[in-house]
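Notes for the structure review
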Amino acid sequence: MPTHCWPSYSLYPRNDCVLCAFVHVVLPQQHSYSPCLSHVCVQEASCGYVIILMALYWCTECMPLAVTGLLPVILFPMMGIMESSEVCNQYMKDSNMLFVGGLLVAIAVEYWNLHKRIALRVLLLVGVRPALLMMGFMGTTAFLSMWISNTASTAMMLPIANAVLKQLCDSEAQAEEREMDLMPEPEVEESLEARERRLKREAKYLNLDKGMSLSVCYAASIGGTATLTGTTPNLILKGQVDELFPGNEDIINFASWFGFSFPNMVLMLIISWLWLQFMYLGCNMKKSFGCGMNKDGDKEAYGVIKNEYKKLGSMRFAEGCVLVLFVLLVLLWFTREPGFMPGWATVLFNKDRPYVTDGTVAILMSTLFFMIPSQLPRCGGYSEDGKPLKAPPTLLNWDVVQQKMPWNILLLLGGGFALARGSEVSGLSQWLGESLAPLQSIPPFAISFLLCLLTATFTECSSNVATTTLFLPILASMAVAIKLHPLYVMLPCTICASLAFMLPVATPPNAIAFSYGNLKVMDMAKAGFVLNIVGVITINIALNTWGAAMFNLNTFPDWANVTIIP
């Protein structure tokens, strides 16, 4: 007789189960097919306990997040939920390889300062007028965050912003001093007027400094939502969809994600710029955009950016190689499976099965960084001391990768996938889905909006990785139970997990901006509260317009019509 009558679908009860014995005595006619209900409840409760424990640990950070992500390796086998080998398999999936490949490209871009060259070049184009300067910093930061980490882009852009603003403030102060020297007024009145001007100027630039700091950190979070590799929650969604719905026909890939999220990112970026412009620069378009004005201070501030750009020198061979590989990677991602026509992967490799994925492409291109030399190689020859010339170093070496690669995120990703798998195996996902079935009477757009608000609130006090890891399996179960397209709730909530604008501790970019000392918690809370609401609204507009058309969200797909129990 089998030791487990559920979830192995055995039609016979267990000898050692009290409930099965009771059913056998009281209801003998049902002996041939009564499942072990007590075993069902124990497995569900055990998995629920692990999820709650990990949620508490992630929220309080009483242990490192990555270490908490390893708890399923210990608890699931000991509780009889999953075998150890099956749990460990969840920590190295295709989504993890996509994450590693994307980060290797980002590390190469940062290592050769290509991101700084791009940023400074854009700022030279937009100029230093306050509104245009803010627009330039936001656009540049968002673009960089699409490809490198939000933290790195914020850490690079904020010092440049502070240096430009300091130069603008100093130049204006010098201009005012020259004006005061030319005015034939009594010394007392002159000192009072100079003091008033100084206080007014300091208040003006304090506001501008606050607005610029917030614009950079907010743009980093918004920009990360535009690409599949831009931020970790996006990859968690892809991994969870592939795990829970194996027959989804690669519905989430680089091209489809970009097609949905990029327009939404641009819309959010414009609204954020307008809101911060209103809060910190006012509605005086002439001053903000500098119409009809030509100050010497602007030229000096422009010179600061120009000098920083000159320090980089001309583009080196290594930077050119990194740029070419980066562009080639993006092109391969877009054309692998564009959706409106067969991609190169379908034609060459994926004729009957999805052999080649975005992760394959990412690892292929990132491997080239360890093969291509960083200098033009020479054929033979000797150095000045008569020794044979050595081969030039490659674009990347493992020591650099070892220092910059956030290995902890891989464990976090794996922990999330293990939780999702454990919820399926234990039956917790099915139980949650059945419990949420009454939501079927609520309009789908209302469900999506409320869940987005819940996610955006929760992510303010918890890691966005932990938020998506905990929420997505539950949302998938609910969607299957009420016959709603899973992406209708999973996709917007994933993006909302990155909209943490209100608190300094919510995201690393927020913390970096706050560390400069010019912001108060209330400044961030006032600006961020409005942007959180705006973000939820814009995401739901995108979901019900072009998102519905792209992913066919108005119908329940066949690939989702599965029982979330293996």
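This is a predicted model, so every value here is computed, not measured. (Residues numbered from 1 in each chain as written. Predicted model: local features only at pLDDT ≥ 70, side-chain atom pairs only at ≥ 80, totals over all residues. Heavy atoms only, no water.)

All right, on to the overall build of the protein then. A tally of regular secondary structure across the protein gives 25 helices and zero strands. Burial analysis of the protein (566 residues in total) assigns 51% to the buried set. A separation of at least 24 residues holds for 78% of the contacts in the protein among residues at least 6 apart in sequence. (Helix = DSSP H or I, 4+ residues; strand = E, 2+ residues; numbered from the N terminus. Buried < 20%, exposed > 50% of the residue type's maximum accessible area, 1.4 Å probe, protein only. Contact = heavy atoms within 4.5 Å.)

This part covers the environment of A173. Within the fold, A173 resides in helix α9 (residues 150–182). Of the residues examined, A173 reaches a relative accessible area of 13% and is grouped as buried.

In this section: helix α7 (residues 114–126). Taking 1.5 Å per residue as the helical rise, α7 with its 13 residues ought to reach 18 Å, and the 19 Å between its terminal C-alpha atoms agrees with that figure. Among all positions of α7, only L114, H115, R117, A119, L120, L123 and L124 are buried. (Expected span 1.5 Å × (residues − 1).)

Looking now at the nonpolar core. F137, L214, Y218, V489 and M490 are the most contacted members of the largest nonpolar core, which has 151 residues in total. In contact with M490, other than residues within four places in its own chain, are L237, Q240, V241, F245, L472, L475 and A476. (Core = buried A, V, L, I, M, F, W, Y, C linked by side-chain atoms within 4.5 Å.)

Another point: the pattern of salt bridges. Within this structure, the stated rule accounts for 13 salt bridges. In this structure, E319 engages R117 in a salt bridge whose closest nitrogen and oxygen atoms are separated by 2.7 Å. Highlighted residues: E319 in helix α15 (residues 317–336) and R117 in helix α7, separated in sequence by 202 residues. Neither E319 nor R117 differs from the other in exposure class; each is buried. For D250, the salt bridge goes to R336, with nearest N and O atoms at 2.5 Å. (Salt bridge = Lys/Arg side-chain N within 4 Å of Asp/Glu carboxyl O.)

This part is about the packing of helix α21 (residues 444–458) against helix α25 (residues 521–551). Two numbers describe how α21 lies on α25: the axes approach to 10 Å, and their chain directions differ by 145°. Remark: the crossing between α21 and α25 carries right-handed chirality. Of the residues in α25, those touching α21 at F445, S448, F449, C452, L453 and A456 are N532, I533, V536, I537, N540, L543 and N544. (Axes fitted to C-alpha atoms, helices over the stretch in contact; angles between N-to-C directions. Left-handed = near helix turned anticlockwise from the far one by under 90°.)

Glancing now at a nonpolar patch on the surface. Side chains of F449, L450, F529, I533, I537 and I541 sit close together on the surface and give an oily, nonpolar patch of about 520 Å² of accessible area. Those elements that provide at least two residues to the nonpolar patch are α21 and α25. Counting residues per element, the nonpolar patch draws most heavily on α25, at four residues. By the element assignment, I541 lies in helix α25. Residue classification places I541 among the partly exposed positions, given a relative accessible area of 44%. (Patch = residues over 30% accessible without salt bridge, like charges linked within 9 Å, V, L, I, M, F, W, Y side chains within 5 Å. Areas by Shrake-Rupley, 256 points an atom, 1.4 Å probe, with all protein chains shown as cover.)

Moving on, we get to α15. Between its first and last C-alpha, α15 extends 28 Å over 20 residues, near the 28 Å set by a 1.5 Å rise per residue. The complete set of buried residues in α15 reads A318, E319, C321, V322, L325, F326, L329, V330, W333 and R336. Seen from one end, α15 has its buried residues packed into an arc of 165°, which puts them on one side. Here the buried face of α15 lies against α6 (94–111), α7, α12 (254–280), α16 (344–348) and α17 (358–368). (Arc of directions from axis to C-beta.)

Further remarks concern the packing of α6 against α15. Relative to each other, α6 and α15 sit at 150°, their axes nearing to 10 Å. Comparing the axis directions of α6 and α15 gives the class roughly antiparallel. In this structure, α6 crosses over α15, and the sense of that crossing is left-handed. Of the residues in α15, those touching α6 at L98, V105, A108 and V109 are V322, F326, L329 and W333. (Parallel < 35°, antiparallel > 145°, perpendicular 65-115°, else oblique.)

Moving on, we come to the confidence of the model for the protein. Residue-level pLDDT values for the protein average 81, and 83% of them are 70 or greater. Mean pLDDT in the protein bottoms out at helix α1 (residues 18–26), which sits at 40, and peaks at helix α23 (residues 486–496), which reaches 94. (pLDDT = per-residue confidence, 0-100.)

What follows is about the layout of surface pockets. The space that makes up the largest pocket amounts to roughly 990 Å³. Residue lining of the largest pocket: 39 residues in total, with S149, T151, T232, I409 and P508 positioned closest to the centre. Taken together, the elements giving at least two residues each to the lining of the largest pocket come down to α3 (65–68), α6, α9, α19 (407–426), α22 (464–481) and α24 (508–515). In terms of residue class, the lining of the largest pocket is built from 20 nonpolar, 15 polar and four charged. (1 Å grid on protein atoms, 1.4 Å probe; cavity = no way out; pocket = protein on both sides within 12 Å on 5 of 7 lines; lining within 4 Å. Points joined across faces, edges and corners; volume = space filled by probe spheres on them. Nonpolar A, V, L, I, M, F, W, Y, C, P; charged D, E, K, R; others polar.)

So, on to the packing of aromatic side chains. Enumeration according to the criterion identifies 16 aromatic pairs in this entry. The interplanar angle of 55° and the centroid separation of 4.9 Å between the aromatic rings of Y218 and F501 together place this pair among those described as tilted. Here the residue Y218 occupies a position in helix α10 (residues 187–223), and F501 occupies one in the loop between α23 and α24, the gap between them amounting to 283 residues. Owing to a relative accessible area of 0%, Y218 belongs among the buried residues under this scheme. Assessed through its relative accessible area of 0%, F501 is described here as buried. One residue, R117, lies across the ring of Y309, its end atom 5.8 Å from the ring centre. (Phe/Tyr/Trp six-rings, centres within 6.5 Å; stacked < 30°, edge-to-face > 60°. Lys NZ or Arg CZ within 6 Å of the ring centre and 35° of its normal.)

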